[in-house]
Amino acid sequence: MAEAPQIYEGAIDKGLEGIVACTTAISSIQGNTLSYRGFTIEDLAQNSTFEETAFLLWNDRLPTAAELEKIKTDLATEATLSPEFISALKAMPSKGVHPMAWLRTAVSMMAHWDQDAQDNSPEANQRKAVRLTAKMGAIVCAFEAIRNGKEPVQPKKDKSLAWNFMSMLKGGAEPKADHVKIFDTCLILHADHELNCSAFATRVTTSSLSDLHSAIVSAIGALKGPLHGGANEQVMLMLKRIGTIEKAQQFVKDALNAKEKVMGIGHRVYKDGDPRAAILRKISDKLTKESGEHHLYEMSILIDDTMYKEKGLMPNVDFYSATVYYSMGIPIDLYTPIFAVSRIAGWCAHAMEQYEKNRIYRPRGKWTGKMNQTWKPVAQRG
Ligand code: COA
């Protein structure tokens, strides 16, 4: 008889802090250096594009010129939503529905039109990764159109994912070139992040040898929460609630006294600063100046400084991305869906890596409930 595996109880009820759950070669966090496939996030944000970064995440190398052209064309072409799919999207209620809930259902529904839906081969997963990544942005923009009683705009085949997103979101208008560049940088910064909650959710679902769409639906559900991707939306709502620079410090102190979380601050892994926040902070400074709302940046700086002084905690990726998106006129409840528009690249990479060397995730639970109970007929229960 095989022996039962040894049980390690050190991380029980601590959110698996410090547990190494799998090997991975997609992205790494060493100190405050984040790298995708060995390239630092600063290098990629400066020099790459989201399309190239997605290729890198999926293939463990940079594309050749021809491969880069192909991935750009494939992502732009596959972004088109079919009339049947748009009709199904329109049939979904959108009033009073959070866009992340809507996105979760929409992505699940995508599988019904995908000829590779049940095929878990590496080739089919590469094709599905392209389709999922291409369509995620188009779906978020379709939501914005549909909830405003407008017709979704289709993407242009010769434009980047960032350009198409910024254009489709505004009904097909020509987006500002610098906004497209900044949005592309945001997509690169959010594309992957080691074994975060939603990447882990992707891998857990994949590990049962379920299909890629199911894994991505799990990931969207995990990202939606305010302790993960939902924080960027909460940061903007918090800034709006605070209202003025003068109230920012007191707001933080009150929140800490009340043992409430200040959104966009703190991180399980980075204790010395999130490198993505450093990049976004500079962009936020520039964009809020241009939009005439620099007070939002100044409030953010005060919150950032006060949290550091009071708790030694620093901002994460969600803190400054909020004012970056706000300055570009993006509706606040779309910030978390935008996180998904980017993170889909990383989720697909994690699913593909998991399929390659899979064993089902099946941890143990430590029993703290009752034992030896005896069933009684309903008439005899007190
Ligand atoms: N505001 C106030 N206090 C915070 C805080 C925040 N944003 N983040 C952490 N803390 C405090 C906790 O209250 C706790 O304090 P205590 O030891 O006095 O009880 C301590 O710091 C550890 O926090 P904990 O929640 O256990 O850390 P974690 O590693 O489990 O969680 C986060 C990490 C990111 C979930 C957490 O920092 C958080 O909730 N941040 C706000 C949400 C957010 O921005 N999420 C996006 C993550 S990218």
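Note that the structure is predicted; figures quoted are calculated from it, not measured.

Undergrad: What exactly am I supposed to notice about the packing of helix 9 (residues 197-206) against helix 16 (residues 335-356) here?
TA: Geometry of a packed helix pair, given as the angle between the helix axes and the separation of the axes. At their nearest, the axes of helix 9 and helix 16 sit 9 Å apart, and the two run at 35° to each other. Seen from above, helix 9 lies across helix 16 with right-handed handedness. For the pair helix 9 and helix 16, contact is made by Ser198, Ala199, Thr202, Arg203 and Thr206 and by Arg343, Trp347, His350, Ala351, Glu353, Gln354 and Tyr355, respectively. Classifying every residue of the contact of helix 9 with helix 16 by side-chain character gives four nonpolar, five polar and three charged.

Undergrad: For this particular structure, what's the right way to read the environment of Trp367?
TA: Inspection of the secondary structure assignment puts Trp367 in the segment after helix 16. Judged by relative accessible area, which is 57%, Trp367 ranks as exposed. A polar side-chain atom of Trp367 sits 3.0 Å from the main-chain carbonyl oxygen of Gly369.

Undergrad: Just to check I follow, could you spell out the packing of aromatic side chains for this structure?
TA: The geometry of an aromatic ring pair comes down to the distance between the two centres and the angle between the two planes. Tallying each qualifying case throughout the model produces eight aromatic pairs. A centroid spacing of 4.9 Å and a plane angle of 15° characterise the contact between Phe165 and Phe183, whose relative ring orientation is stacked. Here Phe183 lies in helix 8 (residues 177-190) and Phe165 lies in helix 7 (residues 161-169), a separation of 18 residues in the sequence. Accessibility assignment for this pair places Phe165 and Phe183 in one class, buried. Among the aromatic side chains, those forming a connected cluster through ring pairs are Phe165, Phe183, Tyr325 and Tyr335. Over the face of the ring belonging to Trp163 we find Lys159, whose NZ or CZ atom lies 4.8 Å from the ring centre.

Undergrad: Even after reading the chapter, I still don't get unusual backbone geometry, so can you show me in this structure?
TA: Leaving glycine aside, a negative phi is the common case for residues, and trans is the common case for peptide bonds. A positive phi angle, close to 50°, is found at Arg37, a residue other than glycine. Inspection of the secondary structure puts Arg37 in the loop between strand 2 (33-36) and strand 3 (39-40). Even without being a glycine, Glu194 presents a positive backbone phi close to 45°. Inspection of the secondary structure puts Glu194 in the loop between helix 8 and helix 9.

Undergrad: Got a minute to help me understand a nonpolar patch on the surface in this structure?
TA: Residues Tyr8, Leu16 and Ile19 make up a contiguous nonpolar surface patch of about 330 Å² in total accessible area. Looking at the secondary structure, you find Tyr8 in the segment before strand 1 (27-30).

Undergrad: Would you take a moment to explain the site of the ligand for this structure?
TA: Neighbouring the ligand are 19 residues, the closest being Lys261, Val262, Gly264, Ile265 and Arg268. Within the contact set of the ligand, a nitrogen atom lies 3.1 Å away from a backbone nitrogen or oxygen of Leu227. Gly264 is positioned with one of its backbone polar atoms (N or O) 2.8 Å from an oxygen atom of the ligand. Contact with the protein chains hides 66% of the accessible area of the ligand, taken as 850 Å² for the molecule alone. Split into classes, the residues belonging to the shell around the ligand amount to nine nonpolar, five polar and five charged.

Undergrad: It is not clear to me how the packing of helix 2 (residues 50-59) against helix 16 should be interpreted in this structure. Could you clarify?
TA: As a packed pair, helix 2 and helix 16 sit with axes 9 Å apart at the nearest point and diverge in direction by 15°. The angle between the axes of helix 2 and helix 16 places the two elements in the roughly parallel class. Between helix 2 and helix 16 lies a crossing of right-handed hand. Together, Phe50, Ala54, Leu57 and Trp58 of helix 2 and Val341, Ser342, Ala345, Gly346, Cys348, Ala349 and Met352 of helix 16 make up the contact between the two elements. For the contact of helix 2 with helix 16, the class distribution of residues is nine nonpolar, two polar and no charged.

Scoring rules and cut-offs
Residues numbered from 1 in each chain as written. Predicted model: local features only at pLDDT ≥ 70, side-chain atom pairs only at ≥ 80, totals over all residues. Heavy atoms only, no water. Axes fitted to C-alpha atoms, helices over the stretch in contact; angles between N-to-C directions. Helix = DSSP H or I, 4+ residues; strand = E, 2+ residues; numbered from the N terminus. Left-handed = near helix turned anticlockwise from the far one by under 90°. Contact = heavy atoms within 4.5 Å. Nonpolar A, V, L, I, M, F, W, Y, C, P; charged D, E, K, R; others polar. Buried < 20%, exposed > 50% of the residue type's maximum accessible area, 1.4 Å probe, protein only. Polar contact = N/O pair within 3.5 Å; in protein donor to acceptor, adjacent residues only side chain to side chain. Phe/Tyr/Trp six-rings, centres within 6.5 Å; stacked < 30°, edge-to-face > 60°. Lys NZ or Arg CZ within 6 Å of the ring centre and 35° of its normal. Patch = residues over 30% accessible without salt bridge, like charges linked within 9 Å, V, L, I, M, F, W, Y side chains within 5 Å. Areas by Shrake-Rupley, 256 points an atom, 1.4 Å probe, with all protein chains shown as cover. Salt bridge = Lys/Arg side-chain N within 4 Å of Asp/Glu carboxyl O. Near = heavy atom within 4 Å. Parallel < 35°, antiparallel > 145°, perpendicular 65-115°, else oblique.

Just distances and angles here, no functional claims.
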